[in-house]
Amino acid sequence: MYNGFAIVAGLVIFFAMLTAPFALGTMTKQYKEPELKLPVNEKECIESTEYMRTNHMQLLNEWRDWALRDGKRTYTNHAGKEFSISLQNTCMKCHVSKADFCDKCHNDAGVSPYCWDCHVQPEGLK
Amino acid sequence: MKNSRRTFIKLAGIAAAGLAVAPKKVLASGGGHAPVKVNATASHAKHWAMVVDTTKLHTAEAIDELAKVCHHIHNVPSIEGKKEVKWLWHDSYGHSFPEQENPHLAEEVHERVFPLLCNHCENPPCVRVCPTKATFQRPDGIVAMDYHRCIGCRYCMAGCPYGSRSFNWGDPRLNLDLANLNPEFPTRMRGVVEKCNFCVERLAVGKKPACVEASNGAMFFGDLKDPDSEVRKVLREKFTIRRKPSAGTEPSVYYII
Ligand code: SF4
Ligand code: SF4
Ligand code: SF4
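Residues numbered from 1 in each chain as written. Chains lettered and ligands numbered in written order. Predicted model: local features only at pLDDT ≥ 70, side-chain atom pairs only at ≥ 80, totals over all residues. Heavy atoms only, no water.

J.: Would you mind showing me how to read the overall build of chain B here?
T.: A tally of helices and strands in chain B yields 9 helices and 11 strands. Buried residues in chain B amount to 48% of all 257 residues. Taking the intrachain contacts of chain B between residues at least 6 apart in sequence as the baseline, contacts between residues at least 24 apart amount to 66%. For chain B, the accessible area works out to roughly 13,300 Å², and carbon and sulfur atoms hold 55% of it. (Helix = DSSP H or I, 4+ residues; strand = E, 2+ residues; numbered from the N terminus. Buried < 20%, exposed > 50% of the residue type's maximum accessible area, 1.4 Å probe, protein only. Contact = heavy atoms within 4.5 Å. Areas by Shrake-Rupley, 256 points an atom, 1.4 Å probe, with all protein chains shown as cover.)

J.: Looking at this structure, I do not really get the overall build of chain A. What am I missing?
T.: For chain A, the count of helices and strands is 4 helices and 2 strands. Counted from the first residue to the last, chain A has its helices and strands arranged as α-α-β-β-α-α. Its C-alpha atoms put chain A at 75 × 35 × 30 Å along the principal axes. The burial tally for chain A puts 34% of its 126 residues in the buried class. Pairs at least 24 residues apart make up 54% of the contacts formed inside chain A by residues separated by at least 6 positions. Here chain A contributes 14 positively and 15 negatively charged side chains, and the mean placements of these two sets differ by 4 Å. (Lys, Arg positive; Asp, Glu negative; His and termini not counted. Charge placed at Lys NZ, Arg CZ, Asp CG, Glu CD.)

J.: How should the site of ligand 2 be read in this particular structure?
T.: The immediate surroundings of ligand 2 are formed by 14 residues, with B:C118, B:N119, B:C121, B:C126 and B:C160 found nearest. Tallied by class, the residues present in the shell around ligand 2 amount to 9 nonpolar, 3 polar and 2 charged. (Near = heavy atom within 4 Å. Nonpolar A, V, L, I, M, F, W, Y, C, P; charged D, E, K, R; others polar.)

J.: I keep staring at the interface of chain A and chain B and nothing clicks. Help me out?
T.: Interface extent is often summarised as the accessible area lost during association of the parts. Tallying the contact residues gives 46 residues for chain A and 42 residues for chain B. Both faces considered, chain A and chain B share a buried interface measuring about 3,900 Å² in area, 57% of it formed by carbon and sulfur atoms. The three residues of chain A that bury the most area against chain B are A:R69, A:R73 and A:L125, which together make up 17% of that side's buried surface. Linking chain A with chain B are 3 salt bridges, by the criterion used here. Between B:E184 and A:K93 there is a salt bridge; the shortest N-O distance is 3.2 Å. Counting the contacts that link chain A with chain B gives 15 residue pairs in polar contact (both at pLDDT 80 or more). Elements supplying a minimum of two residues to the side of chain A that touches chain B: α1 (4–27), α2 (49–69), β1 (74–76), α3 (87–94) and α4 (102–109) of chain A. Considering each element in turn, the side of chain A that touches chain B owes the most residues, 10 residues, to α2(A). (Buried area = accessible area lost by both parts, 1.4 Å probe. Salt bridge = Lys/Arg side-chain N within 4 Å of Asp/Glu carboxyl O. Polar contact = N/O pair within 3.5 Å; in protein donor to acceptor, adjacent residues only side chain to side chain.)

J.: Can you help me understand the sheet that holds strand β2 (residues 48–53) of chain B in this one?
T.: Either a parallel or an antiparallel arrangement is found when strands of a sheet pair, and the pairing is made through backbone hydrogen bonds. Residue and element names in this part refer to chain B. The 4 strands are arranged β9-β2-β11-β10 in an open sheet whose pairing can be described as mixed. Unpaired on one side and paired on the other, β9 (219–223) and β10 (240–241) mark the two borders of the sheet. Taken together, the 5 bridges between β2 and β9 define a ladder with antiparallel strand orientation. Counterpart to V52 in the pairing with β9 is M219. (Pairing = 2+ DSSP bridges.)

J.: Mind showing me how you'd approach α2(A) here?
T.: Since the α-helix turns once every 3.6 residues, residues separated by three or four places project in the same direction. The largest bend in α2(A) comes to about 75 degrees, at A:N55. Turning to α2(A), its buried residues are A:Y51, A:M52, A:N55, A:Q58, A:L59, A:W63, A:W66, A:A67 and A:R69. Buried residues in α2(A) make contact with β1, β2 (82–84) and α3 of chain A together with β1 (36–37) and β5 (135–137) of chain B. Positioned one or two residues after α2(A), A:G71 has a phi angle of 65 degrees, which is positive. (Bend = angle between axes of the 7 residues up to and from the residue.)

J.: Sorry if this is basic, but what is going on with the site of ligand 3 here?
T.: The environment of ligand 3 is formed by B:C70, B:H74, B:W87, B:L88, B:L117, B:C196, B:N197, B:F198, B:C199, B:P209, B:A210 and B:C211. A class-by-class count of the residues in the shell around ligand 3 yields 10 nonpolar, 2 polar and no charged.

J.: Would you mind showing me how to read the nonpolar core here?
T.: Grouped burial of nonpolar side chains is what soluble globular proteins tend to show. Among the nonpolar cores identified, the biggest contains 49 residues, and B:M50, B:L117, B:F198, B:M219 and B:Y255 are the most heavily contacted of them. When near neighbours in sequence (up to four residues on either side) are disregarded, B:L117 contacts B:M50, B:W87, B:L88, B:W89, B:S164, B:C196, B:F198, B:V253 and B:Y255. (Core = buried A, V, L, I, M, F, W, Y, C linked by side-chain atoms within 4.5 Å.)

J.: Mind showing me how you'd approach a nonpolar patch on the surface here?
T.: Together, A:I7, A:L11, A:F14 and A:F15 give the surface a local cluster of nonpolar side chains, amounting to about 370 Å² of exposed area. Residue position: A:F14 is located in helix α1. (Patch = residues over 30% accessible without salt bridge, like charges linked within 9 Å, V, L, I, M, F, W, Y side chains within 5 Å.)

J.: Can you walk me through the sheet that holds β1(A) in this structure?
T.: The strand order across the open sheet formed by 3 strands is β2(A)-β1(A)-β1(B), and the pairing between neighbours is antiparallel. Edge positions in the sheet fall to β2 of chain A together with β1 of chain B, since each has one partner strand and no second. Relative to β1(B), β1(A) is paired through 2 bridges, and the arrangement is antiparallel. Across the sheet, A:T74 pairs through a bridge with B:K37, a residue of β1(B).

J.: Is there a simple way to think about α4(A) in this case?
T.: Residues and elements named next belong to chain A. Every buried residue belonging to α4 is among C102, D103 and H106, and all of these are buried. Buried residues of α4 fall within an arc of 75 degrees about the axis and therefore sit on the same side. Taken together, the buried residues of α4 touch α2 and α3. Trailing α4 by a residue or two, G110 shows a phi angle of about 70 degrees, which is positive. (Arc of directions from axis to C-beta.)

J.: Sorry if this is basic, but what is going on with the environment of B:D53 here?
T.: Residues and elements named next belong to chain B. By secondary structure assignment, the location of D53 is in strand β2. By relative accessible area, D53 is classed as buried at 6%. Taking C-alpha positions, D53 is 26 Å from E84, a pair spaced 31 residues apart along the chain. Apart from the residues lying within four places of it in its own chain, the contact partners of D53 are A218, F220 and I256.

J.: Which parts of the structure should I look at to understand the environment of B:C118?
T.: Residue and element names in this part refer to chain B. Note that C118 resides in the loop between β4 (113–117) and α5 (125–129). Residues C118 and V143, spaced 25 residues apart in sequence, show a C-alpha to C-alpha distance of 8.5 Å. Excluding its chain neighbours within four sequence positions, the residues that come into contact with C118 are W87, S164, K195, C196, F198 and V253.

In C-alpha coordinates, the structure reads:
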(Lines give C-alpha, C1' and ligand atoms only; values in the text may rest on other atoms or scores of the structure.)
(Ligands and ions follow the chains in the order given, each with its own letter.)
Protein backbone atom coordinates (compact mmCIF):
# COMPACT_ATOMS: atom_id res chain seq x y z
CA MET A 1 0.00 0.00 0.00
CA TYR A 2 1.43 3.37 -1.03
CA ASN A 3 1.56 6.00 1.69
CA GLY A 4 -0.03 3.55 4.10
CA PHE A 5 1.20 5.34 7.17
CA ALA A 6 -0.02 8.75 6.01
CA ILE A 7 -3.45 7.40 5.13
CA VAL A 8 -3.91 5.60 8.45
CA ALA A 9 -2.59 8.58 10.42
CA GLY A 10 -4.89 10.86 8.46
CA LEU A 11 -7.87 8.64 9.18
CA VAL A 12 -7.04 8.52 12.90
CA ILE A 13 -6.83 12.31 13.08
CA PHE A 14 -10.01 12.63 11.07
CA PHE A 15 -12.00 10.35 13.37
CA ALA A 16 -10.49 11.92 16.45
CA MET A 17 -11.72 15.32 15.25
CA LEU A 18 -15.06 13.90 14.20
CA THR A 19 -15.76 12.43 17.60
CA ALA A 20 -14.04 15.15 19.67
CA PRO A 21 -17.19 16.98 20.73
CA PHE A 22 -18.84 13.79 21.93
CA ALA A 23 -15.70 12.48 23.63
CA LEU A 24 -15.12 15.81 25.38
CA GLY A 25 -18.74 15.95 26.29
CA THR A 26 -18.67 12.67 28.17
CA MET A 27 -15.25 13.33 29.70
CA THR A 28 -16.10 16.71 31.21
CA LYS A 29 -18.87 17.44 33.66
CA GLN A 30 -22.50 16.96 32.86
CA TYR A 31 -24.84 19.81 32.08
CA LYS A 32 -26.98 20.75 35.05
CA GLU A 33 -30.29 22.51 34.68
CA PRO A 34 -30.07 25.96 36.19
CA GLU A 35 -32.03 26.61 39.34
CA LEU A 36 -34.89 28.93 38.63
CA LYS A 37 -36.66 31.14 41.06
CA LEU A 38 -40.27 30.04 40.73
CA PRO A 39 -43.26 32.21 41.55
CA VAL A 40 -44.16 32.23 45.21
CA ASN A 41 -47.91 32.53 44.95
CA GLU A 42 -48.61 30.43 41.90
CA LYS A 43 -48.14 26.69 41.62
CA GLU A 44 -49.09 26.28 37.99
CA CYS A 45 -48.11 28.12 34.84
CA ILE A 46 -50.66 28.68 32.10
CA GLU A 47 -49.78 25.26 30.72
CA SER A 48 -47.87 22.32 32.22
CA THR A 49 -44.21 22.80 33.10
CA GLU A 50 -43.20 20.30 30.43
CA TYR A 51 -45.25 22.11 27.81
CA MET A 52 -43.85 25.48 28.82
CA ARG A 53 -40.30 24.20 28.85
CA THR A 54 -40.44 22.92 25.30
CA ASN A 55 -42.99 25.27 23.78
CA HIS A 56 -42.81 28.66 25.48
CA MET A 57 -41.10 30.22 22.50
CA GLN A 58 -43.73 29.00 20.03
CA LEU A 59 -46.46 29.96 22.46
CA LEU A 60 -45.09 33.48 22.85
CA ASN A 61 -44.80 33.78 19.11
CA GLU A 62 -48.42 32.79 18.70
CA TRP A 63 -49.53 35.00 21.56
CA ARG A 64 -47.86 37.94 19.86
CA ASP A 65 -49.73 37.41 16.60
CA TRP A 66 -53.04 36.60 18.25
CA ALA A 67 -53.02 39.70 20.42
CA LEU A 68 -51.46 42.18 18.07
CA ARG A 69 -52.53 41.10 14.63
CA ASP A 70 -55.79 39.23 15.25
CA GLY A 71 -56.92 41.38 18.18
CA LYS A 72 -57.67 38.24 20.21
CA ARG A 73 -56.30 38.70 23.69
CA THR A 74 -57.90 35.91 25.71
CA TYR A 75 -56.19 32.52 25.79
CA THR A 76 -57.86 29.32 26.96
CA ASN A 77 -55.37 26.70 28.12
CA HIS A 78 -55.59 22.94 27.70
CA ALA A 79 -57.45 22.71 31.00
CA GLY A 80 -60.02 25.30 29.95
CA LYS A 81 -58.75 28.18 32.10
CA GLU A 82 -58.60 31.65 30.61
CA PHE A 83 -55.68 34.05 30.60
CA SER A 84 -55.06 37.49 29.24
CA ILE A 85 -52.51 37.34 26.43
CA SER A 86 -49.62 39.55 27.47
CA LEU A 87 -45.94 38.98 28.12
CA GLN A 88 -45.62 41.98 30.40
CA ASN A 89 -48.97 41.77 32.15
CA THR A 90 -49.53 38.02 32.45
CA CYS A 91 -46.20 36.13 32.28
CA MET A 92 -44.20 38.70 34.17
CA LYS A 93 -46.81 39.24 36.86
CA CYS A 94 -45.88 35.78 38.21
CA HIS A 95 -42.28 35.60 37.06
CA VAL A 96 -41.37 38.79 38.82
CA SER A 97 -37.72 38.75 37.84
CA LYS A 98 -36.24 38.40 34.39
CA ALA A 99 -32.80 37.87 35.89
CA ASP A 100 -33.92 35.04 38.18
CA PHE A 101 -36.08 33.30 35.64
CA CYS A 102 -35.64 33.98 31.92
CA ASP A 103 -31.93 34.77 31.98
CA LYS A 104 -30.98 31.64 33.89
CA CYS A 105 -31.69 29.24 31.03
CA HIS A 106 -31.08 31.70 28.23
CA ASN A 107 -27.56 32.44 29.50
CA ASP A 108 -26.72 28.76 29.82
CA ALA A 109 -28.09 28.00 26.39
CA GLY A 110 -26.32 30.98 24.85
CA VAL A 111 -29.49 32.46 23.40
CA SER A 112 -30.39 36.11 23.72
CA PRO A 113 -33.97 36.74 22.64
CA TYR A 114 -34.64 40.41 21.99
CA CYS A 115 -38.04 40.54 23.72
CA TRP A 116 -36.56 42.93 26.27
CA ASP A 117 -35.44 45.46 23.70
CA CYS A 118 -39.06 46.64 23.85
CA HIS A 119 -40.95 44.83 26.59
CA VAL A 120 -40.32 46.17 30.05
CA GLN A 121 -38.96 43.62 32.48
CA PRO A 122 -40.55 43.49 35.94
CA GLU A 123 -37.32 44.77 37.51
CA GLY A 124 -37.84 47.97 35.57
CA LEU A 125 -35.31 49.72 33.36
CA LYS A 126 -32.23 51.49 34.59
CA MET B 1 -12.60 23.00 29.97
CA LYS B 2 -15.97 24.47 30.73
CA ASN B 3 -18.58 22.23 29.25
CA SER B 4 -20.88 24.69 27.59
CA ARG B 5 -23.09 24.55 24.59
CA ARG B 6 -20.77 27.12 23.05
CA THR B 7 -17.72 24.84 23.31
CA PHE B 8 -19.68 21.97 21.93
CA ILE B 9 -20.77 24.04 18.96
CA LYS B 10 -17.22 25.20 18.26
CA LEU B 11 -15.96 21.63 18.22
CA ALA B 12 -18.95 20.48 16.29
CA GLY B 13 -17.96 22.99 13.63
CA ILE B 14 -14.70 21.09 13.09
CA ALA B 15 -16.54 17.82 13.05
CA ALA B 16 -19.15 19.09 10.66
CA ALA B 17 -16.77 18.66 7.73
CA GLY B 18 -17.18 14.95 7.98
CA LEU B 19 -20.86 14.88 8.84
CA ALA B 20 -23.97 15.03 6.85
CA VAL B 21 -26.41 17.33 8.59
CA ALA B 22 -29.42 15.44 9.82
CA PRO B 23 -32.74 17.14 9.22
CA LYS B 24 -33.78 19.15 12.25
CA LYS B 25 -36.80 17.95 14.09
CA VAL B 26 -39.40 20.64 13.92
CA LEU B 27 -40.92 21.38 17.28
CA ALA B 28 -44.63 21.01 17.40
CA SER B 29 -46.31 24.24 18.43
CA GLY B 30 -49.80 24.84 19.82
CA GLY B 31 -50.72 21.25 19.08
CA GLY B 32 -53.58 22.15 16.78
CA HIS B 33 -55.73 23.77 19.43
CA ALA B 34 -56.54 27.36 18.56
CA PRO B 35 -57.58 28.52 21.99
CA VAL B 36 -58.03 32.24 21.51
CA LYS B 37 -60.84 34.71 21.47
CA VAL B 38 -61.52 38.40 21.77
CA ASN B 39 -61.64 39.74 25.35
CA ALA B 40 -65.09 39.62 26.83
CA THR B 41 -64.80 43.29 27.85
CA ALA B 42 -63.54 44.59 24.48
CA SER B 43 -65.35 47.36 22.61
CA HIS B 44 -66.24 46.56 19.04
CA ALA B 45 -66.92 48.61 15.93
CA LYS B 46 -67.14 48.04 12.21
CA HIS B 47 -65.02 51.13 11.70
CA TRP B 48 -63.57 53.23 14.49
CA ALA B 49 -63.54 56.97 13.95
CA MET B 50 -62.78 60.12 15.93
CA VAL B 51 -64.30 63.58 15.85
CA VAL B 52 -62.43 66.55 17.32
CA ASP B 53 -64.40 69.62 18.31
CA THR B 54 -61.91 72.39 17.55
CA THR B 55 -64.28 75.04 18.89
CA LYS B 56 -63.51 73.57 22.31
CA LEU B 57 -60.01 72.19 21.85
CA HIS B 58 -57.72 74.58 20.04
CA THR B 59 -54.91 75.79 22.26
CA ALA B 60 -51.39 74.44 22.25
CA GLU B 61 -51.50 74.07 26.04
CA ALA B 62 -54.67 71.98 26.05
CA ILE B 63 -53.43 69.76 23.22
CA ASP B 64 -50.04 69.31 24.83
CA GLU B 65 -51.79 68.11 27.98
CA LEU B 66 -53.47 65.35 25.97
CA ALA B 67 -50.20 64.51 24.22
CA LYS B 68 -48.59 64.17 27.62
CA VAL B 69 -51.21 61.61 28.66
CA CYS B 70 -50.86 59.68 25.40
CA HIS B 71 -47.07 59.78 25.41
CA HIS B 72 -46.89 58.69 29.01
CA ILE B 73 -49.11 55.62 28.70
CA HIS B 74 -47.41 54.56 25.47
CA ASN B 75 -43.85 55.25 26.59
CA VAL B 76 -43.20 57.69 23.77
CA PRO B 77 -39.76 59.30 24.24
CA SER B 78 -39.47 63.07 24.39
CA ILE B 79 -36.83 64.34 21.99
CA GLU B 80 -36.44 67.91 20.77
CA GLY B 81 -35.81 68.80 17.15
CA LYS B 82 -35.68 66.74 14.00
CA LYS B 83 -35.46 63.37 15.73
CA GLU B 84 -38.70 64.02 17.58
CA VAL B 85 -41.06 61.10 18.18
CA LYS B 86 -44.76 61.93 18.43
CA TRP B 87 -48.14 60.22 18.51
CA LEU B 88 -50.24 63.30 19.22
CA TRP B 89 -49.14 66.86 18.50
CA HIS B 90 -50.46 70.24 17.43
CA ASP B 91 -50.02 72.50 14.44
CA SER B 92 -51.44 75.60 12.79
CA TYR B 93 -54.45 75.75 10.49
CA GLY B 94 -52.26 76.20 7.41
CA HIS B 95 -50.19 73.13 8.19
CA SER B 96 -53.13 71.03 9.25
CA PHE B 97 -55.48 71.91 6.40
CA PRO B 98 -53.29 73.33 3.61
CA GLU B 99 -55.90 72.63 0.94
CA GLN B 100 -58.66 74.36 2.86
CA GLU B 101 -56.90 77.69 3.35
CA ASN B 102 -58.33 80.88 1.95
CA PRO B 103 -57.07 84.42 2.38
CA HIS B 104 -60.25 85.62 4.08
CA LEU B 105 -60.75 82.78 6.51
CA ALA B 106 -62.35 83.78 9.83
CA GLU B 107 -59.49 85.10 11.89
CA GLU B 108 -60.54 83.20 14.96
CA VAL B 109 -60.40 79.88 13.08
CA HIS B 110 -57.11 80.75 11.46
CA GLU B 111 -55.55 81.37 14.85
CA ARG B 112 -56.55 78.06 16.34
CA VAL B 113 -54.09 75.22 16.61
CA PHE B 114 -55.24 71.68 15.88
CA PRO B 115 -54.58 68.34 17.53
CA LEU B 116 -53.02 65.98 15.01
CA LEU B 117 -52.51 62.23 15.11
CA CYS B 118 -52.55 59.28 12.74
CA ASN B 119 -55.82 59.52 10.79
CA HIS B 120 -56.34 55.75 10.60
CA CYS B 121 -57.19 56.28 6.95
CA GLU B 122 -59.75 54.07 5.27
CA ASN B 123 -57.42 53.86 2.31
CA PRO B 124 -54.01 54.04 3.97
CA PRO B 125 -50.99 54.51 1.71
CA CYS B 126 -48.68 53.52 4.59
CA VAL B 127 -50.19 50.03 4.55
CA ARG B 128 -49.92 49.78 0.79
CA VAL B 129 -46.20 50.57 0.75
CA CYS B 130 -45.07 48.61 3.80
CA PRO B 131 -43.04 45.68 2.43
CA THR B 132 -43.24 43.56 5.59
CA LYS B 133 -46.88 44.15 6.53
CA ALA B 134 -45.61 45.56 9.82
CA THR B 135 -48.17 48.27 9.14
CA PHE B 136 -51.54 46.73 8.54
CA GLN B 137 -55.20 47.57 8.71
CA ARG B 138 -57.41 45.74 11.14
CA PRO B 139 -60.96 44.77 10.14
CA ASP B 140 -62.22 47.54 12.45
CA GLY B 141 -60.34 50.15 10.42
CA ILE B 142 -57.48 50.79 12.82
CA VAL B 143 -54.15 51.10 11.08
CA ALA B 144 -51.90 49.22 13.45
CA MET B 145 -48.20 48.54 13.69
CA ASP B 146 -46.44 45.30 14.52
CA TYR B 147 -43.10 46.55 15.78
CA HIS B 148 -41.76 42.98 15.76
CA ARG B 149 -41.81 43.10 12.00
CA CYS B 150 -40.79 46.65 11.22
CA ILE B 151 -37.46 46.80 9.39
CA GLY B 152 -37.18 50.57 9.53
CA CYS B 153 -37.25 51.13 5.78
CA ARG B 154 -39.46 54.20 6.34
CA TYR B 155 -41.55 53.66 3.20
CA CYS B 156 -44.57 54.30 5.39
CA MET B 157 -43.19 57.69 6.39
CA ALA B 158 -42.79 58.60 2.75
CA GLY B 159 -46.24 57.22 2.02
CA CYS B 160 -48.13 59.04 4.76
CA PRO B 161 -49.27 62.47 3.56
CA TYR B 162 -49.80 63.67 7.14
CA GLY B 163 -46.42 63.19 8.79
CA SER B 164 -48.09 60.92 11.31
CA ARG B 165 -45.10 58.70 11.79
CA SER B 166 -41.85 59.03 13.65
CA PHE B 167 -38.61 57.15 13.22
CA ASN B 168 -36.52 56.06 16.18
CA TRP B 169 -33.06 57.25 15.19
CA GLY B 170 -31.60 56.08 18.46
CA ASP B 171 -32.61 53.88 21.36
CA PRO B 172 -35.87 55.49 22.52
CA ARG B 173 -35.15 54.40 26.09
CA LEU B 174 -32.37 56.96 26.31
CA ASN B 175 -35.02 59.66 26.12
CA LEU B 176 -37.59 58.13 28.41
CA ASP B 177 -37.99 58.89 32.06
CA LEU B 178 -37.25 55.33 33.17
CA ALA B 179 -38.50 55.92 36.70
CA ASN B 180 -41.84 56.96 35.29
CA LEU B 181 -42.45 54.30 32.63
CA ASN B 182 -45.81 52.69 32.08
CA PRO B 183 -44.84 49.08 32.84
CA GLU B 184 -48.00 47.79 31.15
CA PHE B 185 -46.94 48.94 27.70
CA PRO B 186 -43.72 48.15 25.82
CA THR B 187 -41.23 50.70 24.58
CA ARG B 188 -39.90 50.54 21.05
CA MET B 189 -36.36 49.91 19.89
CA ARG B 190 -33.96 51.80 17.68
CA GLY B 191 -34.71 51.63 13.97
CA VAL B 192 -38.48 51.21 14.00
CA VAL B 193 -41.21 53.61 12.99
CA GLU B 194 -44.04 54.39 15.38
CA LYS B 195 -47.35 56.24 15.56
CA CYS B 196 -50.68 56.54 17.35
CA ASN B 197 -52.47 53.20 17.60
CA PHE B 198 -55.98 54.56 18.38
CA CYS B 199 -55.37 53.00 21.80
CA VAL B 200 -56.11 49.43 20.65
CA GLU B 201 -54.88 48.16 23.99
CA ARG B 202 -57.55 50.24 25.75
CA LEU B 203 -60.32 49.34 23.29
CA ALA B 204 -59.44 45.70 23.98
CA VAL B 205 -60.55 46.16 27.59
CA GLY B 206 -63.53 48.36 26.86
CA LYS B 207 -61.93 51.76 27.48
CA LYS B 208 -61.95 54.79 25.20
CA PRO B 209 -58.73 56.22 23.79
CA ALA B 210 -56.84 58.11 26.46
CA CYS B 211 -56.89 61.44 24.61
CA VAL B 212 -60.65 61.22 24.14
CA GLU B 213 -61.13 60.40 27.79
CA ALA B 214 -58.94 63.32 28.88
CA SER B 215 -60.44 65.82 26.45
CA ASN B 216 -63.39 66.95 28.59
CA GLY B 217 -65.89 66.20 25.87
CA ALA B 218 -63.97 67.89 23.05
CA MET B 219 -63.30 64.59 21.29
CA PHE B 220 -65.69 61.82 20.29
CA PHE B 221 -64.96 58.23 19.43
CA GLY B 222 -67.16 55.53 18.02
CA ASP B 223 -68.37 53.39 15.16
CA LEU B 224 -68.62 55.24 11.87
CA LYS B 225 -70.73 52.44 10.39
CA ASP B 226 -73.32 52.62 13.13
CA PRO B 227 -75.85 55.40 12.38
CA ASP B 228 -76.77 55.63 16.07
CA SER B 229 -73.22 56.07 17.33
CA GLU B 230 -72.01 59.21 19.02
CA VAL B 231 -69.61 60.06 16.20
CA ARG B 232 -72.34 59.75 13.61
CA LYS B 233 -74.58 61.96 15.72
CA VAL B 234 -72.02 64.77 15.90
CA LEU B 235 -71.10 64.35 12.24
CA ARG B 236 -74.77 64.72 11.38
CA GLU B 237 -75.16 67.87 13.43
CA LYS B 238 -71.90 69.73 12.92
CA PHE B 239 -69.88 70.85 9.94
CA THR B 240 -66.65 68.87 9.76
CA ILE B 241 -63.59 68.69 7.56
CA ARG B 242 -60.81 66.16 7.21
CA ARG B 243 -57.14 66.68 6.42
CA LYS B 244 -55.88 66.78 2.79
CA PRO B 245 -58.93 65.40 0.99
CA SER B 246 -57.07 65.40 -2.33
CA ALA B 247 -54.74 62.67 -1.07
CA GLY B 248 -57.75 60.34 -1.24
CA THR B 249 -56.82 58.46 1.91
CA GLU B 250 -60.24 58.98 3.59
CA PRO B 251 -59.12 59.86 7.12
CA SER B 252 -61.14 58.50 10.05
CA VAL B 253 -60.40 61.63 12.10
CA TYR B 254 -62.89 64.47 11.57
CA TYR B 255 -62.59 68.07 12.75
CA ILE B 256 -65.54 70.24 13.77
CA ILE B 257 -64.64 73.78 12.69
S1 SF4 C 1 -40.57 51.35 8.33
FE2 SF4 C 1 -41.53 49.53 9.20
S3 SF4 C 1 -43.72 49.97 9.15
FE4 SF4 C 1 -42.74 51.46 7.83
S5 SF4 C 1 -42.87 50.60 5.79
FE6 SF4 C 1 -40.88 49.95 6.63
S7 SF4 C 1 -41.30 48.00 7.62
FE8 SF4 C 1 -43.28 48.94 7.23
S1 SF4 D 1 -52.45 59.10 8.68
FE2 SF4 D 1 -50.61 58.36 7.68
S3 SF4 D 1 -49.87 56.76 9.01
FE4 SF4 D 1 -51.99 57.12 9.60
S5 SF4 D 1 -53.18 55.66 8.37
FE6 SF4 D 1 -53.14 57.56 7.21
S7 SF4 D 1 -51.39 57.31 5.85
FE8 SF4 D 1 -51.15 55.78 7.46
S1 SF4 E 1 -55.91 57.62 20.20
FE2 SF4 E 1 -54.59 56.87 21.85
S3 SF4 E 1 -52.65 56.57 20.82
FE4 SF4 E 1 -53.83 57.87 19.48
S5 SF4 E 1 -53.29 59.97 20.05
FE6 SF4 E 1 -55.10 59.40 21.27
S7 SF4 E 1 -54.24 58.64 23.18
FE8 SF4 E 1 -52.59 58.61 21.70
